[in-house]
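A look at the structure
Chain by chain, the residues:
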Amino acid sequence: MEIKEKITLDMLTPDSVSILKQQYITIDGTDIKVGDNIRNAYMNTQTEREYLKGCLPEDYYNAVLAMWGNGPTVLEPAS
Amino acid sequence: MIIYNMKKPIDCIGSDCVGVTGDNIAYTQDFYIKGISDDSISYTIHLRFADGSVNSVTPSRVVTDGEGTAISWIIKKNDIFAHGFFEVQIEGRNKAGLVFQTEIAKLYADESLAVEDKEYENPNSETLRLRDEAYSALEEIKGQQEQIAENLNLIEQSDLSLKADKATTLSGYGITDAYTKAETDSALSLKISNEAGSVSTENIADKAVTNEKLANGAVTSMKIANNSVSGAAIVQNQINAGHIINGAVTADKLSDDVKTLINEKAKSDDVNSKLSEKADKATTLDGYGITDGEKAGNKVFGKNEVTDEENNYPSIGYLKNFYYEYSEVDEALSKKADKATTLFGYGINDAYTKQESKNLYGLNISVVFDEKFNPLNYTEAASISAGSFATGNKNIKTAFIAKNLRYIGEGAFANCDNLTDVYIDNPPESITVTSGAIPSTATIHYNADFNDNKNLIASLINLNSKLSKKYDSSNIETGSGELKTTDVNSDKINSASFEYQKIGSYVNVHIYIDFKAFSISNTNQSISLSGLPFVCCNTVNPRELCITSQKKQLAWAIARNSSSLTLLFLNTDLFAENEKLSFSLRYKIE
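A quick note: this is a predicted structure, and the numbers were derived from the prediction, not measured.

How each quantity is defined
- Residues numbered from 1 in each chain as written.
- Chains lettered and ligands numbered in written order.
- Predicted model: local features only at pLDDT ≥ 70, side-chain atom pairs only at ≥ 80, totals over all residues.
- Helix = DSSP H or I, 4+ residues; strand = E, 2+ residues; numbered from the N terminus.
- Buried ≥ 20, exposed ≤ 12 C-beta atoms within 10 Å, placed from the backbone.
- Contact = placed C-beta atoms within 7 Å.
- Nonpolar A, V, L, I, M, F, W, Y, C, P; charged D, E, K, R; others polar.
- Pairing = 2+ DSSP bridges.
- Axes fitted to C-alpha atoms, helices over the stretch in contact; angles between N-to-C directions.
- Core = buried A, V, L, I, M, F, W, Y, C linked by C-beta atoms within 7 Å.

**Quick look at the overall build of chain B**
A tally of regular secondary structure across chain B gives 7 helices and 32 strands. Here chain B holds 590 residues, and the buried ones make up 18% of them. In chain B, the share of contacts with a sequence separation of at least 24, taken over all contacts with a separation of at least 6, comes to 58%.

**Quick look at the interface of chain A and chain B**
Taken together, the contact between chain A and chain B spans 15 residues of the former and 21 residues of the latter. At the level of elements, β2 (16–27), β3 (30–43) and α1 (46–55) of chain A are the ones that each hand at least two residues to the side of chain A that touches chain B. Looking at which element gives the most residues to the side of chain A that touches chain B, the answer is β3 of chain A, with 8 residues. In the side of chain A that touches chain B, the residues fall into 7 nonpolar, 5 polar and 3 charged.

**Considering the sheet that holds strand β14 (residues 366–369) of chain B**
Residue and element names in this part refer to chain B. Spatial ordering of the open sheet is given by β15-β14-β17-β19-β21, a layout of 5 strands whose pairing is mixed. Each having just a single partner strand, β15 (375–379) and β21 (443–445) make up the two edges of the open sheet. Recorded for the sheet is a direction-independent mean angle of 15° between the axes of neighbouring strands. With 3 bridges joining them, β14 and strand β17 (residues 398–401) adopt antiparallel strand pairing. Note that in β17 the partner of Val 367 across the bridge is Phe 400.

**Topic: the sheet that holds β2 of chain A**
The strand order across the open sheet formed by 7 strands is β1(A)-β2(A)-β3(A)-β22(B)-β24(B)-β25(B)-β32(B), and the pairing between neighbours is mixed. Both edges of this open sheet fall to β1 (3–10) of chain A together with β32 (580–588) of chain B, since each of them pairs with a single strand only. Taking each pair of neighbouring strands and ignoring which way they run, the sheet shows an average axis angle of 25°. Pairing analysis gives 8 bridges linking β1 of chain A to β2 of chain A, with the strands arranged antiparallel. Counted as the bridge partner of Ile 7 of chain A is Lys 21 of chain A from β2 of chain A.

**Observations concerning the pairing of strand β22 (residues 476–482) of chain B**
Relative to β22 of chain B, β3 of chain A runs parallel, the two sharing 2 bridges. Its bridge partner being in β22 of chain B, Ile 38 of chain A is matched across the sheet by Ser 480 of chain B. As paired strands, β22 of chain B and strand β24 (residues 493–503) of chain B are joined by 7 bridges and run antiparallel to one another. Residue pairing across strands places Ile 476 of chain B opposite Ile 503 of chain B, the latter belonging to β24 of chain B.

**As for the pairing of strand β8 (residues 68–74) of chain B**
Two faces belong to every sheet, and in a regular strand the side chains alternate between them. Residue and element names in this part refer to chain B. Residues Thr 69, Ile 71 and Trp 73 point to one face of β8 and are all buried, whereas Gly 68, Ala 70, Ser 72 and Ile 74, pointing to the other face, are not buried. In the sheet, strand β4 (residues 28–34) pairs with β8 via 7 bridges, with the strands oriented antiparallel. When the sheet's bridge partners are listed, Ile 33 is paired in β8 with Thr 69. The pairing of strand β7 (residues 61–64) with β8 spans 4 bridges and is antiparallel. If you follow Val 62 over to β8, its bridge partner there is Ile 71. Taking the residues between adjacent antiparallel strands as the criterion, β7 and β8 are bridged by 3 residues, where Gly 66 takes a positive phi near 95°.

**Describing the nonpolar core**
Looking at soluble globular proteins, one finds that nonpolar side chains tend to be buried together. With 33 residues, the main nonpolar core has Val 509 and Leu 565 of chain B as its most contacted residues. Contributing elements (two or more residues each) for this core: β2 and β3 of chain A together with β24, β25 (506–515), β27 (525–530), β29 (553–558), β30 (564–569) and β32 of chain B. With 5 residues, the top contributor of residues to this core is β25 of chain B. The residues touching Val 509 of chain B, leaving out its near neighbours within four places in the chain, are Phe 498, Tyr 500, Leu 532, Pro 533, Ser 584 and Leu 585 of chain B. Within the second largest apolar cluster, 23 residues are counted, among which are Phe 389, Ala 390, Ile 401 and Ala 437 of chain B.

**With respect to unusual backbone geometry**
All names here are of chain B. A positive phi angle, near 60°, is found at Met 6, a position not held by glycine. Following the sequence through the fold, Met 6 ends up in the loop between β1 (2–5) and β2 (8–10). A positive phi angle, close to 65°, is found at Asn 561, a residue other than glycine.

See the structure below:
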């Protein structure tokens, strides 16, 4: 039984995005949700752009970059 | 002389006579224009007479002397048309056009007798008057000429040389188109006398007397001798029925042969007469003159062939195709129900009547409602009494009594102080309402079969209004996630995760952090963990104190407009392996 992952790009702005991942299985043509929602928000910093690239399929990542542009718009948090 | 100072005339005597009209060739009128001395100017003298006629003449002589121009007008017969005062104006032109025009001066010409002059082509006023007189004379002559013509005619009519001498004969007067007595007598002697026997048959040439020359009734039987007219002498068609009076021809006057002919003729006429009443052999109704028959072309075999609704009629085939046989109609009708107003009338047994529907689907339930139409109690009983349904319930505002409830006993609504309306789905005669059953302050409404539904709908609306104020679970989202830290801090944390619950515009996040063993040597050292579920939209950065499982005190904070959690180490501490930190935080996400 194949588990499908549904990805939602939520609250996408030039500075941030909240990624919601949900998993489904299909039984008799009906999608049934399994597991928890997985949600993380990412800021348009250099570090989190790289995080995002690692956790999103390329087409979703490109969709975010279409909004974010080629470079970061938010400074890295001070440590 | 008239002297002009430029345009204005000075030394001008208006009564200057310039001569006599029609005979003024001997006079010369001189003009002198001061201030104009130009050889290139040509002058014209314009005249306007009292009768409105005008004339223009060219001066006879123009001489310039350096200070002015002297102009002489030698007046000729043609120049002046009418005696009396006339106006004079001198005009000068050069090649460019009009350059000079004096003001108008006035001169005078005496009257003269009319003088005929063949050379005089432009008549003056005297000559015009002579011309008018000549026209009058010509009109008079014309009238006289007409009178003369009339008189000549009269004279010719009375000319004796054109009259005949008195005579007694036609020839004496030269009349040639009339007969003399002798000529008339001679002609009449040749005519037939009116006396009997004066005309004999032999004196009448063949065909001399035609039908056209005999008046109707001119020849009667009395005038025809016996046997004088034989059959052979009578041409075909000469004597017809119109010529023979009733009884003139009798059987005894006819020969046997003629009788035979007449009989045969009579038979033939009878047959012809009867045949004439018969139609010729024909193949159509029109051929027999039948107007009330049906033409073959009018018969149609299908509806689409109907072209004349007045005259077309259907064929049997058409009728069979489009109409039922009576037996078929009877059979079809036998399957139909008679017109009815009830389900039973149509034999329908799988549907409820109105009353059955009311009884089966809710209307046999009596309900009481509060002031907001919330149902408080219901009953399916056929009777209610004290304590059985509504007694003492002060929240009851209205009540609906269903059709099946036929008895309301005493005290059924006792102490229902707020009851205002009781709707009863029956007429008064179908229910017993005992005295004191319903408070006198309430109004009873009979035949109110719809009011329970109305109250229930009001109740549903009220319910929806209440529900709209309740929490909507669709706004709640729960889930989890992992927090990431930078490589620099990866030696301090084993794992960092969270669970969240999004409610509307806020999110509650419960954080779990598992530390590695490490030491904090400097205060205010911090670790940043990214990946909270939403960006923090608080207007002020949220921050709070928290304590680890080993009672190390830290502070957490979230920078506004970020999704990173910062842990601030407030003291120098030594963290143990798998020391835990767990806390909850809440922030705004929109």
